Structures are given as C-alpha cells and as structure tokens.
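Secondary and tertiary structure notes
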Amino acid sequence: MAAIDLPKSPNVFHPEKPSAVGSRNSLAQEYRDQQAEVNQLLEEETNKVIHHLTAKLPKDVLERLDVMGGLKEKLYNYFNQNYQNMFNRYMVTSEDEMVKKVRNFIDKEETKVLARYTPKEIADLLDAVGGADKFNTGEIEKSIVNMYGHLQGHVQRGVNELETHTNSILRQKTDTGAFVRGENAYSIVKCAFKDNLVKPKTVSDVKLSVNILDSELISPIFHYQVTVEYLIKDILSKHIVESLDQAIERLKEDRIDQGLEELSDSEIIFNKLGQIPNLTDDELDNPDSKRYTYVAKALLEKVDGLRAEIDPETFDGMNLRENIKKVMDIENIRNRGFNTAINSITAILDTSRMGYQYIENLKNAREVIIREYEDSDVANLPDERYQIKLRYFDNAQLNEDRKAYDVQVKSFEIEIQHLWDVLEVIYQDSKSTWKITDFSDLAKKKKNRIQKIIKSKTGEPLYEDLAKVWDEISFVNVNETEVERSNRTYIYEKDRIRQKIILMRNKMKSMYDYLYPIERRVMEDRLAFLEKEYYRFEYMINPYHLQPGILLDVDITSIKRKKVTLDAMANVLNEFLHGVSKGFSDAAFASFSRRRSTVREDINQSFGSATDDRPAAASGSNYLDMLNADSPSEPAQIPAAPARGGARPATTPARPADRARNRSDNMSEI
C-alpha cells in the first residue's frame, strides 16, 4: 500500500483528498463543493459586468463587441485569475499567522510546565534578599492545593452521587452493583440483602464485606507488634524487587536498540529469577554476603526480636538498637499505613454528610469500629443507620479465626442434632402401637409379606438389611481433596443444618397441630433460638474466603423506598477504595508492549514516491523529488492494531531529538 493511497494521514500529499498536504479541500469545510461555489461567484460577477455594459453602451457599439462570446470569456478568466491570486495570498498569510500563534502557544505551555512553581531566578533573588524564612510561599501553595483538592473532592462526590442515582433508576432495584463499581468489584467478599426482622416489609438490612489485599494497598500496613528487623527486611525486599524491575527495563531497551525480539512474559520472569543471586543470597552467617550489602549483619543482630516498645530499665539512648529503632519510628513505617486508612474513611464520612456518634480505634490491634449512633440496641435505633468495622488481618490471625470458625460450625451441628434426637424420641413415643402413622410403620407392618412374596423369588436382601447412604436430608457429600480441606466453604454442612431446621418445624406442626403442650413450647423456643443464632452466624464472613489485608465490614439498615444510607454509603465506599487501594493489576497486561512482528514496514508515510511499480506522472516527478529531499530519512510508522482481548499496545517512545524534529515538521505542515 503506497503512502499516496492513505486518505487522512497528515503526511499524505494529494490535491483533492481532504486535509492532505497540497489539497484544496479541507475536512473543516465538511465536504462543501468549493468548485461549484467559485463558479457561482465568478458567473455572478461576470453577468453583472455584461449587464452593466449592455445598459450603458449604444446598440451599434454592442453589435461590434462580441458580448455573448469572447468578452464574457475574457471577463470570466480575468475574475478567476484575480480571485485565485487574492485567495492564495490570503491563505498563505493566514497559515503563516496560524503557525506563529500555535508555536507561541506551545512554547508558552511548555514554559508553564517547566516552571510549575516559582522560577529558579526569582527563588535565588528572594533567598539573597531576605532568606527562605521571609519570602516563603510554601504555606500559600499548600493552601491553594488544599482549596483545589476540596473543590475537586466536592465535584467528584457530586458526580458519584449522580452516577449512583442514575444507576439505581436504570436498575429499578437495589443490588450489589449499587455499592462498588466495576473496577473494584473484585474486592467484594460478601454482600447480602435481607429483610429486617422487626420491619420486613419496609426496611432492609445489608451486609457488605470488602477485602483489600496487602499487595493492593497504596500504603502498606504492619501490625503494631511487628519487629524492627522485619520492617527493615521488608524495605530491603521491596528495594531488591525494584532493582530487578530496573534491570529488566534496561535489558528491554538494549534488545530494542539491537533490533531483537521483545521478551515474552515467561522470559521476563526467568530473567528476574536469574538476577536475584546478584542482589542477595542465603548466607546468614557470612558478614560479607550480598544480603548484607545495604544493612550490615551487626546492625540486624542488634535489633533481633526488638518490637515497638523497649523496656525502660534497659533503655539507653546511646545504644545501636535504640538509634536504629528511633530512625524507623521517625519514618513512621509501622503506623502510617493503618493511620492513613483511618484518616481516609473518617474524612470521607465527614465530607459526605455521614456523621458518626461512636468510634473506637483499637490502634494496637489494628481495628476501628464506627457507628452512626452510640446506642447498640436495635429497638431504640432509627431505620436509617450504618456500622463500619475496619480491621487488618495477617496470616496468623486468619488461621486462628479459621480454627474458631471450624469449632463454631461443629457446635451448631451438635446442638441441632441434639434437638433432632429429642424430637425424634418424642415423635416415636407419641405413635400408637396399633395405628399406622407414617411410611415407616407401614413398611414395618408389610415387611414379612415383602419377604415372602417378592424377595424369596428374586433372592435380593430386604430393605432393612441394606446399608443406608442417603439420609434423606441432604445429598451425599463428595470426598474432600487437599484444596477443600485447606479452603473449607462449609456449604454442605450449612445446607444440612438449614434443612434440619425446616424439617423439625414441619414435624412439630404435624405432631401437635393446634395443641400446645409444654414439650412443644420448649422445643419451639429452643429451635427459634438456634435458628436465630445460626442465621446470625451465617451472616458473618467465612475466614477461609479472606486473604491477608484490610477487611472493611459494613452493616447498613435502610428504608426500602428511600435508600438514603445505601446511596450515601456507596459513594463513601468507592471514594475510600480509590484512596487506599491500587486496585487489581494484571502484570501481563501492565508489561505488554507491541511486538516487532506487528510493525508494518511496508507503510511508508513520507512524501517519497510510491513503493509499487506504477509509473509516476512526468509532470509531478520533479516536485516529488524536491519533497523527498526535504522529508525525514526515517519513515513514520502506523501503530499496530490492538491485540484481541487486550488493551492497545504501547508504541516505542521516541527520543527527545526526534520529538522536537517531528513537532517542527508538523508545524510547518499546518
């Protein structure tokens, strides 16, 4: 495909194609017929002159003049020539002025970017005159930044509220999508809507749990009890990973400069693994090993086991470990992550008109509880309220929570089975010895007849002699693999408990009908208590579904027709996630770049001659040669099409000199 066949590229030369170089047509004119407009103008001017001559000159003079022939043609050509000259001069002048204005505008904008704050010369002058303490604009700049930040926050909050209301109107219902938008939907662990127990028709209760992983936190969070040695090693580990990324980037640039194929995802991983021995090793006892390049072995030994607090009896401000701990405390690495999350959620609640009367910040436990009202009694609370519980988990805490969850599920099974056994005994005792009550009585009565008439002929064992696998409560459970044992969902156990509760209630209704003896009242009270506690337990989060990081647990009660708290909390959650979490990022897509195999070298976007064998016009060959002499030696490349299912590949960045040259070429073409 030759360059002259491209219709809309800025480097195309063509007299007719819109907005091409040398074209008389422009896309800005929206495909107006310029030739017809010019012909109409010239025809009108020529007819005016002819009419004027016809009216002024005598008849004998007009007969000598060839008015309808040569005179009209000469006038037409004269007007056409003068019109073209004036138009060309106007276009050249306007283009020159436009180029000057665009260049001045770009230079002005670049100057603004380079001198975003106080220019260097003025800063030096002020420092020489009075010093930084007398001419300091830092506080003014902070105030301006804060004002713009608050303004942007209010605007963004208004847009979020509008978007939330719009989505709610389009859905015609309230669901999980009303809370967290698509880019943060992956962080939802559990979201459940249910009717309020006291007012099921008008009020709904919502449970929303969001899990933000350690790797997705903008500011990492550490427990208060974590050791200083752990903090130092974590910082060193991040530095090593950043060094590996920089080494891979240098390798990519070298391969691009050499014209080699770009590294695949697996090759990048293998190269990173190969670079690790150059930065660290496993020699713990060797003080000269690479792992002690940044922090000496003696310093790490001094802070061994040192936590957030030092015993006052052993404190000595001149010791190495005290000074190392002081350096770490000044940087506030231990507390800043959790404090940032708390500041973020409280500030968003304040500015979103979501006040709270109760807050309990368990700093050392990395947990904060926020309630809209101080009273926790549901009977005294309004129908619009919320409660937020923000907690940071690590692996050790999750393991302990999982053990407690296992014990609680087993306890429910035991209590439900005990009530099941009591009800079954009462049911069997209530049956008459001579009356058929259920299918088991009928089967027991007909057992001998079945043996004599049917089983004796077929030789098959009786039903009572067969092993019973299905208990008619829930289907047979599948054997667990290592994956299920490590990540228990308890779906089978919970479904079994739920079915037993339903069956026991139905059995009591069929046993007693409209009678309410003491046995029925006691069993119904016990069943109601177990059912209430079980559903409250099921409303909680299964710790097997959590990963180390922040758990944001929100309980909302809102009126179904108003949904004031629901809509406001949706904006709070989205703004909090945006300020605390980096969000999920796929490393394969993040590092994806265009492969060299997708670069089209056959597309030559220059003013050069066509690459095919078509003969060029003889009249335009000299002009094309002149353009080729002024065109860049390296042809520009069209970006490749995006990969299927992924984002548009990024092109290789140009060097500063190339960007400056391309800009000057583009300015000259305007």
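All values derive from a computational prediction rather than experimental measurement. (Residues numbered from 1 in each chain as written. Predicted model: local features only at pLDDT ≥ 70, side-chain atom pairs only at ≥ 80, totals over all residues. Heavy atoms only, no water.)

Brief notes about the nonpolar core
Stated precisely, the cut-off is as follows: Only buried residues count toward a nonpolar core, which is a set of Ala, Val, Leu, Ile, Met, Phe, Trp, Tyr and Cys residues joined through side-chain atoms within 4.5 Å. Only protein chains enter the calculation, and the probe is 1.4 Å; a residue is then buried if its accessible area is under 20% of its type maximum, exposed if over 50%, and partly exposed in between. For the purposes of this entry, the term helix denotes a DSSP run of H or I that reaches at least four residues, the term strand denotes a run of E that reaches at least two, and both are numbered from the N terminus. The contact criterion used throughout is that any non-hydrogen atoms of two residues lie within 4.5 Å.
Among the nonpolar cores identified, the biggest contains 34 residues, and F179, I550 and M569 are the most heavily contacted of them. Every element with two or more residues in this core is listed here: strand 2 (203-213), helix 10 (336-351), strand 4 (367-371), strand 5 (385-393), strand 6 (549-559) and helix 17 (564-580). With sequence-adjacent residues up to four places away left out, I550 is seen in contact with V210, N211, I212, L217, I221, A341, L390, R391, Y392 and V580. Ranked by size, the runner-up nonpolar core spans 20 residues in total, among them F412, Y490, M504 and F537.

Comments concerning helix 17
To keep things clear, this is the line we draw: Given the number of residues in a helix, its expected span is that number minus one, multiplied by 1.5 Å.
Counted at 1.5 Å a residue, the expected span for helix 17 with its 17 residues is 24 Å, and the 25 Å between its end C-alpha atoms agrees. Among the 17 residues in helix 17, 13 count as buried, and that is most of the element.

Focus: the sheet that holds strand 3 (residues 358-362)
Stated formally: Two strands qualify as a pair provided that DSSP identifies no fewer than 2 bridges between them. For helices, the fitted axis covers only the stretch in contact; all axes are lines through C-alpha atoms, and the angles between them, taken along N-to-C directions, range from 0 to 180 degrees.
Within the open sheet, the six strands sit side by side as 1-2-6-5-4-3. Their pairing is antiparallel. This sheet does not close on itself; its edge strands, each paired only once, are strand 1 (188-195) and strand 3. Along the sheet, successive strands turn relative to each other by an average axial angle of 5°, direction set aside. Across 11 bridges, the pairing between strand 2 and strand 6 is antiparallel.

Considering the environment of E43
If you trace the backbone, E43 turns up in helix 1 (residues 34-56). Relative accessible area serves as the criterion here: at 31%, E43 is assigned to the partly exposed category. Through-space distance from the C-alpha of E43 to that of Y76 is 7.2 Å; in sequence the pair is 33 residues apart. In this structure E43 touches K72 and Y76, once residues within four positions along its chain are discounted.

Considering the packing of helix 10 against helix 17
Which entries qualify depends on this criterion: Oblique is the label for any angle not under 35 degrees, not over 145, and not in the 65 to 115 range, which are roughly parallel, roughly antiparallel and roughly perpendicular in turn. The sense of a crossing depends on the near helix, which, turned anticlockwise from the far helix by less than a right angle, makes the crossing left-handed and, turned clockwise, makes it right-handed. Put simply, Ala, Val, Leu, Ile, Met, Phe, Trp, Tyr, Cys and Pro go in the nonpolar bin, Asp, Glu, Lys and Arg in the charged bin, and everything else, Gly too, in the polar bin.
One can describe the packing of helix 10 onto helix 17 by two numbers: an axis separation of 10 Å at closest approach and a directional angle of 150°. By the angle class used here, helix 10 and helix 17 are roughly antiparallel. At the point where helix 10 passes helix 17, the crossing takes the right-handed sense. Contacts between helix 10 and helix 17 pair A341, S344, I345, I348 and L349 from the former with V572, E575, F576 and V580 from the latter. Looking at the contact of helix 10 with helix 17 residue by residue, the classes come out as seven nonpolar, one polar and one charged.

Regarding unusual backbone geometry
Negative phi values dominate among residues other than glycine, just as trans dominates among peptide bonds. Backbone geometry places N332, a non-glycine residue, at a positive phi of 60°. Tracing the chain through its elements places N332 in the loop between helix 9 (320-331) and helix 10. Classification of N332 as partly exposed rests on a relative accessible area of 32%. Of note, D513 is a non-glycine position whose phi angle comes to about 55°, a positive value. Among the secondary structure elements, D513 is positioned in the loop between helix 15 (491-512) and helix 16 (518-538).

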